[in-house]
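# Notes for the structure review
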Amino acid sequence: MAAALVRRTTATSLLRIHPALLPQQGNLSSYSSYSWGKKIVLGTTGLLTAGGLGLVAALNHSVKATDLILHPAKLPWSHKGWFSSIDHASIRRGYEVYKQVCAACHSMKYIAYRNLVDVCHTEAEAKAEAEEQFIEDGPNDQGEMFKRPGKLSDYLPNPYANDEAARSANNGALPPDLSFMANARHGGEDYIFALMTGYCDPPAGTELAEGQHYNPYFPGGAIGMAQSLYNEVIEYEDGTPAYASQLAKDVSTFLRWATEPEHDQRKRMLLKVMVFFSIVTPILYYYKRHKWVLVKSRKLAFKPRSPPPS
Amino acid sequence: MTHPIRKTHPVIKIMNTALIDLPAPINISAWWNFGFLLGMCLSIQIFTGLFLSMHYIPHIDLAFSSVSHICRDVNFGWLLRVLHANGGSMFFICLYIHIARGIYYSSFHLYFTWMTGVVLLILVMATAFLGYVLPWGQMSFWGATVITNLISAVPYVGSMMVQWLWGGFSVDNATLTRFFTLHFILPFVVLAMVAIHLLFLHQTGSNNPLGLNSNAEKIPFHPYFTIKDLFGVVVMVWLLMILVLSGPYLLSDPDNFIPANPLVTPTHIQPEWYFLFAYAILRSIPNKLGGVVALLASVVILIILPLYKNKFMSSSFYPLNQMLFWGFISIFILLTWIGAQAIEEPFYTSAQILTSLYFFYFILSPLLSVLWDYVME
């Protein structure tokens with residue numbers, strides 16, 4: 001009975017000969033031979049699929065909304081565009097914020113002073129920055145370690161001798177290295193900005209341990225790091241007003257660059273790739289059609305022999 | 001009469017029979033491009049991997065730093081690294097489409113080609129898993145810990161096997177070095193297996209969308225399919241370059257930018273996107289051994305497909321199977337999505353239902369085609 005039902009309901013539409021069986025009717029578009037009814041069904045199916053995917057995405061977001069974390073807003077960073085470079089003046093200001101505020105607790109052990117050259121500092125400026133630090137080197141000819149002024153090849157100094165010293169000085173919390181910070185947190189620079197500017201009083205019922213602070217963007221809300229960016233906590237060399245939001249924006253930009261020093265080179269390369277493939281792909285497609293045209297447009301005909309004379 | 005060198009030279013004639021004069025069905029569609037694209041993906045991975053291995057250091061104290069060194073200090077090292085990481089994703093996109101095409105058009109009836117293909121899938125999955133451990137970030141370490149611990153579900157000898165695999169009592173330096181060794185050598189095993197896969201394929205010839213014997217309708221591989229495949233490669237490389245140059249870390253996990261720390265477990269441990277369907281299946285079974293068996297079965301089940309018997313080979317003649325197939329693709333995509341979610345409702349129950357439907361497909365599909373054959377008689 002089921003078989004009969006299937007046969008009855010589908011016989012007219014589905015048992016038609018598949019177009020692929022008739023190569024002489026081969027069309028370059030598979031849809032041109034479809035009836036309006038089929039096109040409407042296909043279109044509706046497409047819309048429903050897209051709607052279903054949208055629903056899944058919306059559900060996904062609504063589930064995320066039940067998390068105990070406040071997700072950072074997506075901000076219009078000037079480097080977010082496909083072909084946009086990082087704002088290098090902002091990198092330089094962000095470096096100033098890092099050096100004068102963040103570096104008191106956070107290391108950037110994968111960033112060397114040479115990395116600043118031609119990015120946000122001239123070579124002379126970067127050398128001067130390095131020379132401000134005293135780096136332990138050695139052993140010398142007498143087998144003793146010694147201190148010397150920093151060089152371009154030196155890495156940004158770690159504020160603590162080791163992780164244990166860092167924990168000891170920070171109530172048990174280890175300030176993370178910031179070299180990869182813009183990739184190491186969900187939300188990237190949006191998260192960093194939100195965290196830096198998101199400190200507030202804890203909601204009623206939230207208990208914080210001694211030395212902890214409340215920040216809704218931090219997983220769990222209780223963070224060991226105190227709010228560190230306030231209006232005019234530093235003074236920018238270029239005279240930009242140092243509001244807390246400006247400081248947070250600049251240090252977030254600096255950390256994006258630190259995570260991806262190749263950022264600008266990558267986007268320049270993207271531009272070249274888009275130009276190259278935009279030219280090569282259509283040419284190759286045309287050449288492919290050119291090579292296939294005889295096969296695609298051939299016609300097979302069945303010519304019955306004329307009946308023998310009786 | 002003289003013969004061209006491509007037909008007489010002992011080495012060139014092998015390439016000739018595989019890439020130039022190979023008789024190919026006239027009607028194979030763009031879905032048949034993916035075999036060639038997979039060859040390109042493998043080449044990209046081996047090429048970039050070779051240069052990465054010149055700078056990478058397989059030691060737990062240096063692995064993370066050496067990857068950082070590659071990205072920051074090596075000329076175009078960042079490009080090699082993101083090409084290799086995202087090339088893996090492109091590899092799996094092509095792989096899954098290639099397998100889906102094989103299922104849709106019943107290419108599994110080319111028995112030996114299909115079986116070597118399943119072995120290739122398992123080898124590539126193993127290689128990708130091993131490679132993900134190498135950067136020694138948090139997700140590398142904990143992913144390796146979770147997945148290798150699955151072996152401990154083997155009765156009686158499980159724990160012993162895990163320790164043997166680790167080379168110690170936890171995922172440690174010995175694990176990293178052997179994973180690197182295996183990650184380096186396995187692609188060449190894959191390469192050899194690809195040669196065998198092609199050997200079997202060229203003995204029978206390719207399947208085609210109709211699934212009918214195409215011997216009367218063959219055209220030479222060159223120029224028709226060389227140009228078609230080249231076009232496919234250009235499109236694929238373009239897409240890969242867009243991914244690599246516009247969002248190189250779109251598919252990576254933020255936790256893997258934190259150096260591995262055995263004392264801090266990440267909140268959500270999850271594999272790369274291409275393993276999420278299997279991971280969702282693993283987590284949907286409330287028993288460790290059962291979950292491991294289901295995980296393995298989700299891939300190995302492909303070997304039962306050649307047992308299917310239809311009157312016609314291709315799904316072109318089986319409209320109900322076509323609908324079922326797209327349902328299966330939806331299940332696969334939904335499982336991939338759920339694999340990335342936390343183990344909580346509604347995901348947990350959904351994963352259990354979808355896991356059942358995933359395996360049910362392999363039972364229902366042959367029954368439907370038999371039913372259709374009966375209806376058509």
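The residue numbers shown here count from 1 along each chain, following its written sequence. Chains carry letters and ligands carry numbers; both start at the beginning, A for chains and 1 for ligands, and go up in the order they are written. Two thresholds apply to this predicted model, a pLDDT of at least 70 for residue-level local features and 80 or more for giving and counting side-chain atom pairs, whereas whole-chain, interface and lining totals are computed over all residues. Hydrogens and waters are ignored; side-chain quantities use all the structure's heavy atoms.

- Chain B carries the name Cytochrome b in UniProt, which gives Priapulus caudatus as its organism.
- UniProt positions are given in the numbering used here, feature names are shortened, and annotations may be inferred rather than shown by experiment. According to UniProt, the comment filed for chain B under the heading Function is "Component of the ubiquinol-cytochrome c reductase complex (complex III or cytochrome b-c1 complex) that is part of the mitochondrial respiratory chain. The b-c1 complex mediates electron transfer from ubiquinol to cytochrome c. Contributes to the generation of a proton gradient across the mitochondrial membrane that is then used for ATP synthesis."
- Per its UniProt entry, chain B bears the Subcellular location comment "Mitochondrion inner membrane".

- An unreviewed UniProt entry lists chain A under the name Cytochrome c1, heme protein, mitochondrial-like, with Priapulus caudatus as the source organism.
- According to UniProt, the comment filed for chain A under the heading Subcellular location (unreviewed entry) is "Mitochondrion inner membrane".
- A UniProt comment under Sequence similarities (unreviewed entry) is attached to chain A, and it reads "Belongs to the cytochrome c family."

### What about the nonpolar core?
- Among the nonpolar cores identified, the biggest contains 132 residues, and B:Phe92, B:Ile103, B:Leu245, B:Phe277, B:Leu302, B:Tyr358 and B:Phe362 are the most heavily contacted of them.
- Each helix is a run of H or I in the DSSP string that is no shorter than four residues. Each strand is a run of E no shorter than two, and both are numbered from the N terminus. Among the elements that make up this core, the one with the highest residue count is helix α5 (residues 77–104) of chain B (15 residues).
- Between two residues, a contact is recorded if the distance between any of their heavy atoms is within 4.5 Å. When residues no more than four places from it in sequence are discounted, the contact partners of B:Ile103 are B:Phe108, B:Trp114, B:Leu302, B:Leu305, B:Phe325, B:Phe328 and B:Tyr361.
- Each nonpolar core is a collection of buried residues, namely Ala, Val, Leu, Ile, Met, Phe, Trp, Tyr and Cys, held together in the definition by side-chain atoms within 4.5 Å. For each residue, the accessible area found with a 1.4 Å probe, counting protein chains only, is set against the maximum for its type, and the residue is called buried under 20%, exposed over 50%, and partly exposed in between. Residues A:Leu116, A:Val119, A:Tyr199 and A:Ala242 belong to the second largest nonpolar core, which totals 42 residues.

### Re the side chain of A:Asp190
All names here are of chain A.
- Following the sequence through the fold, Asp190 ends up in helix α7 (residues 188–197).
- Of the buried charged residues, Asp190 lacks a salt bridge, with Lys74 as the closest side chain of opposite charge at 4.9 Å.
- Whenever two N or O atoms come within 3.5 Å, that pair is a polar contact, provided that in protein one can donate a hydrogen and the other can accept it, and provided that, for residues adjacent in sequence, both atoms are side-chain atoms. Polar contacts involving the side chain of Asp190 include one to the side chain of Trp77, which spans 2.6 Å.
- Apart from residues lying up to four places away in sequence, Asp190 is in contact with Pro72, Ala73, Lys74, Leu75 and Trp77. For the purpose of counting charges, residues Lys and Arg are taken to be positive, whereas Asp and Glu are taken to be negative. His and the chain ends are not included. Each salt bridge in this description consists of a side-chain nitrogen of Lys or Arg and a carboxyl oxygen of Asp or Glu lying within 4 Å of one another.

### Observations concerning the interface of chain B and chain A
- Counting from both sides, the interface comprises 51 residues of chain B and, opposite them, 47 residues of chain A.
- At the boundary of chain B with chain A, the tally comes to 2 salt bridges.
- For A:Arg114, the salt bridge goes to B:Asp73, with nearest N and O atoms at 3.2 Å.
- Counting only elements with at least two residues in the side of chain B that touches chain A, the list comes to α4 (63–72), α5, α10 (221–246), α13 (319–339) and α14 (347–376) of chain B.
- Tallying contributions element by element places α10(B) first for the side of chain B that touches chain A, with 16 residues.
- Only Asp, Glu, Lys and Arg are considered charged in this grouping, and only Ala, Val, Leu, Ile, Met, Phe, Trp, Tyr, Cys and Pro are considered nonpolar; every other residue, Gly among them, is considered polar. For the side of chain B that touches chain A, a count of residues per class yields 39 nonpolar, 6 polar and 6 charged.

### Structural notes on α13(B)
- In a helix, the anticipated span is given by 1.5 Å times the number of residues less one. Under the 1.5 Å per step criterion, the end-to-end length of α13(B) is 30 Å for 21 residues, consistent within 8% with the ideal 30 Å.
- Within α13(B), the full set of buried residues consists of B:Pro319, B:Leu320, B:Asn321, B:Leu324, B:Phe325, B:Phe328, B:Ile331, B:Phe332, B:Leu335, B:Thr336, B:Ile338 and B:Gly339.

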